[in-house]
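Given next are the chains, with one letter for each unit.
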Amino acid sequence: MLRTKMKTPLRLFAALAGALMLFSFACSGIAPERPGRHRNPDGAAEDAKYIFLFLADGAGTPHLEITRQYSQELLGEKMVITDKIMKEGFVGLMTTHAADSLSTDSAAAATALASGCKANIGALGVCADGSVPATAMEVAKQRGLKIGLVTNSTVYDASPAAMVCHVPNRRDYAAIVNRYLELEPDVLMGGGREQFLPQSKPGSRRKDEMDVAALFVKKGYHQVSTKRELEHVRPGKVLGLFSLNDMSFEIDRDKEKEPSVYDMTRATIRQLHDNNPGGFFAFIETENTDTAGHLSDVASVIRDFREFDRAVGLAYEFYQKYPRETLIIVTSDHETGGLGFTMALKELSGGTRGSNLAAGTVRDLKKLQSINISLHKASRLLGRSPTSESIDKLLGEHFNGFTLAPEYKEAILKRQPVSRTIYLDPTANALGMMIANHTQVYWQTTSHTNQPVFVAALGAGADRFAGYYDNADFGKKLLGILHRKK
């Protein structure tokens, strides 16, 4: 009889305790435990067997948010980065300055991410104090993980190069390519075939007769150069060189011939994971978000960020199969352009209040959707000696509904910058300002800014990447996870 009377209060106590726990979680903003948010009792990170580091070069939170709004409002789609990685994992904010500048270039920024130290502008894998520590990817290889480097830039560009190279000058492309040959990453994919061909071959930009591509093949690599070849590549090490220099913007890409970041990521997962009990570390970059920012090309930013998000989705699917062994990190090296929707005057002469103010709307997103080429391609089509007629023809075919202000047309004809901060490609930047005036998506500059960038992390050790910290601290966190691996 006594036991019967005791059961009800105990059950009631257990129910109340559970309710209080849920209430505590709700009030504190902490979600109940799930695989992506797992923390060990001592606060240390779990060992990550499969590591994905996704880098959207030049893409700050404004680029992410404009892409999210475009996807949601026009296409009814959610983004993996915001709605999966961030909501199920951890979010951080990261400062990006170089050792010798309050802003950064990609070399110094990627060095901080890979090596955990501040670097000077232009240096790859060399700290500002002259030290040359092993990078996170080098440590991964030493510990038995397969490694992959993927970009839609040239493979010798600063961000992928900083993952494994140590050269004082990021322009020393031959040294970077030679380092890849020495290190033998399991996957190396992107553009930049020009540095793999001997000087005597058409398209080569080497200064010697080294046939680096042939040397990779001699070491057992499968070499591929088209999307179809990539889809059918056999298991083993892969060298994918899909263009002489940079790969195409997503808006311009020939989808039958050239793979996207999504296509390369899918192949990378297959090559690194199949028949591999030791795990892997994959670095996957879209450089196009940065290049588009330099060109004031918001339509290209959105298209390429969306394709990059699809690639992150492949890693998320992989994580769902191996949630306790997988770490996904999505971040950027710096922000490019000072981008953002804003309120602006419809007419300069119409006053500063009421009906003369314009703010970004879904209609403006639809205008961006109607653009069908990148500003890089538009600039190339007009050439170095554009005419008024060729400009009008270009607008009619590719920028329907946009009107080019006289001062911007004059800037294109004379190839003059439109401002002190909008200056890298006069044609592209003038067209970018035309788009801004029609959509309220404005650019502060065509270069890098000092804005902090987001970090989204999910999986084993992801909690380390929450908070506000410097990019060199990011590198230390990443190295700490790799040094824990047994």
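The shown structure was predicted, so the numbers you read here are calculated from the model rather than taken from an experiment.

**Student:** I keep staring at helix α4 (residues 106–115) and nothing clicks. Help me out?
**Tutor:** Turn by turn, an α-helix covers 3.6 residues, leaving residues three or four places apart pointing in a common direction. α4 sits mainly inside the fold: 10 of its 10 residues count as buried. Within α4, burial applies to Ser106, Ala107, Ala108, Ala109, Ala110, Thr111, Ala112, Leu113, Ala114 and Ser115. Where α4 is buried, its residues touch β1 (50–56), β2 (90–95), α5 (136–142), α6 (158–162), β14 (448–449) and α18 (471–484). Glycine 116 occupies a position one or two residues after α4 and carries a positive phi of about 75°.

**Student:** How should I be thinking about the packing of aromatic side chains in this particular structure?
**Tutor:** Aromatic ring pairs are described here by two measures, namely the spacing of the ring centres and the angle between the planes. One pass over the full model with this rule turns up 16 aromatic pairs. One aromatic cluster is present, formed by Tyr50, Phe52, Phe54, Phe280, Phe305, Phe308, Phe318 and Tyr322 through successive ring pairs. Over the face of the ring belonging to tyrosine 262 we find arginine 310, whose NZ or CZ atom lies 3.8 Å from the ring centre. Its guanidinium or amino end placed over the ring of tyrosine 469, lysine 477 lies 4.6 Å from that ring's centre, counting from NZ or CZ.

**Student:** Sorry if this is basic, but what is going on with the packing of α4 against α18 here?
**Tutor:** Two quantities define a packed helix pair, namely the angle between the axes and the distance from one axis to the other. Relative to each other, α4 and α18 sit at 30°, their axes nearing to 5 Å. Classified by the angle between their axes, α4 and α18 sit roughly parallel to one another. Contact residues: Ala109, Ala112, Leu113, Ala114 and Ser115 in α4; Asn471, Ala472, Phe474, Gly475, Leu478 and Leu479 in α18. Here the residues of the contact of α4 with α18 are counted per class, giving eight nonpolar, three polar and no charged.

**Student:** Mind showing me how you'd approach the nonpolar core here?
**Tutor:** If you look at soluble globular proteins, the nonpolar side chains tend to sit buried side by side. Formed by 56 residues in total, the largest nonpolar core has its most connected members in Tyr180, Phe196, Phe281 and Phe474. Counting residues in each nonpolar core, the second largest holds 43 residues, with Ala282, Phe305, Tyr319 and Ile328 among its members.

**Student:** Help me out: how do you make sense of the pairing of β2 in this one?
**Tutor:** Every regular strand shows the same layout, with side chains that alternate between the two sheet faces. Here β2 runs beside strand β15 (residues 453–459); their pairing, made up of five bridges, is antiparallel. Bridge pairing in β15 places glycine 92 opposite valine 455.

**Student:** Even after reading the chapter, I still don't get the sheet that holds strand β8 (residues 326–331), so can you show me in this structure?
**Tutor:** Hydrogen bonding along the main chain pairs the strands of a sheet, whether they run parallel or antiparallel. If you trace the 10 strands from one edge of the open sheet to the other, you get β5-β6-β4-β3-β7-β1-β8-β15-β2-β16, paired in mixed fashion. The open sheet has two free edges, formed respectively by β5 (222–224) and β16 (467–470), since each of these has just one partner strand. Averaged over all pairs of adjacent strands, the angle between their axes in this sheet comes to 15°, without regard to strand direction. Of the strand pairs in this sheet, strand β3 (residues 146–154) and strand β4 (residues 187–191) are connected by four bridges, and their pairing is parallel. If you follow leucine 149 over to β4, its bridge partner there is leucine 188. Of the strands in this sheet, β1, β3, β7 (280–286), β8 and β15 are in contact with helix α12 (residues 298–321), which crosses β1 at around 170°.

**Student:** I would appreciate a short explanation of the packing of helix α15 (residues 388–398) against helix α16 (residues 406–414) in the present structure.
**Tutor:** Interhelical geometry of α15 versus α16 gives an angle of 120° and a closest axis separation of 10 Å. Between α15 and α16, the angle falls in the class oblique. You can see that α15 and α16 cross each other, and the crossing is right-handed. On the side of α15, the interface is formed by Ser388, Ile391 and Asp392, while α16 contributes Lys409, Ile412 and Leu413.

**Student:** Before we go on, may I ask you to explain the confidence of the model for the protein chain in this structure?
**Tutor:** In regions of low pLDDT, the predicted coordinates are not meant to be interpreted in detail. In the predicted model, the protein chain carries a mean pLDDT of 90, and the fraction of residues at 70 or more is 87%. Counting interchain partners and residues more than four positions distant, the pLDDT-below-50 stretch residues 1–34 has nine contacts. Counted against residues more than four places away or in other chains, residues 40–45, with its pLDDT under 50, gives nine contacts.

**Student:** Help me understand the pattern of salt bridges, please; the structure alone is not making it clear to me.
**Tutor:** One side chain can pair with another of opposite charge once the charged atoms of both are near each other. All chains considered together, the criterion is met by 21 salt bridges. Between glutamate 77 and arginine 306 there is a salt bridge, with the nearest N and O atoms lying 3.1 Å from each other. With glutamate 77 in the loop between α2 (61–75) and α3 (80–88) and arginine 306 in helix α12, this pair connects stretches of sequence that are 229 residues apart. Residue class for glutamate 77 comes out partly exposed when judged on its relative accessible area of 38%. Overall, the relative accessible area of 22% leaves arginine 306 in the partly exposed class. Between aspartate 83 and lysine 87 there is a salt bridge, with the nearest N and O atoms lying 3.1 Å from each other. Pair noted here: aspartate 83 and lysine 87 are both in helix α3, with a separation of four residues, about one helical turn. For lysine 87, a relative accessible area of 53% translates into the label exposed.

**Student:** Could you clarify how one ought to interpret the state of the cysteines in this entry?
**Tutor:** Cysteine pairs can be covalently joined through their sulfur atoms, and such a bond is termed a disulfide. Throughout the structure, instances matching the rule amount to one disulfide. Between the sulfur of cysteine 117 and that of cysteine 127 lies a disulfide, 2.1 Å long from S to S. Its torsion about the S-S bond being -90°, the disulfide of cysteine 117 and cysteine 127 is classed as left-handed. Of the two residues, cysteine 117 is situated in the loop between α4 and α5 and cysteine 127 in the loop between α4 and α5; the sequence distance between them amounts to 10 residues. The pair formed by cysteine 117 and cysteine 127 is uniform in burial state, with each residue classed as buried.

Calculation rules
Residues numbered from 1 in each chain as written. Predicted model: local features only at pLDDT ≥ 70, side-chain atom pairs only at ≥ 80, totals over all residues. Heavy atoms only, no water. Buried < 20%, exposed > 50% of the residue type's maximum accessible area, 1.4 Å probe, protein only. Helix = DSSP H or I, 4+ residues; strand = E, 2+ residues; numbered from the N terminus. Contact = heavy atoms within 4.5 Å. Phe/Tyr/Trp six-rings, centres within 6.5 Å; stacked < 30°, edge-to-face > 60°. Lys NZ or Arg CZ within 6 Å of the ring centre and 35° of its normal. Axes fitted to C-alpha atoms, helices over the stretch in contact; angles between N-to-C directions. Parallel < 35°, antiparallel > 145°, perpendicular 65-115°, else oblique. Nonpolar A, V, L, I, M, F, W, Y, C, P; charged D, E, K, R; others polar. Core = buried A, V, L, I, M, F, W, Y, C linked by side-chain atoms within 4.5 Å. Pairing = 2+ DSSP bridges. Left-handed = near helix turned anticlockwise from the far one by under 90°. pLDDT = per-residue confidence, 0-100. Salt bridge = Lys/Arg side-chain N within 4 Å of Asp/Glu carboxyl O. Disulfide = S-S within 2.5 Å.

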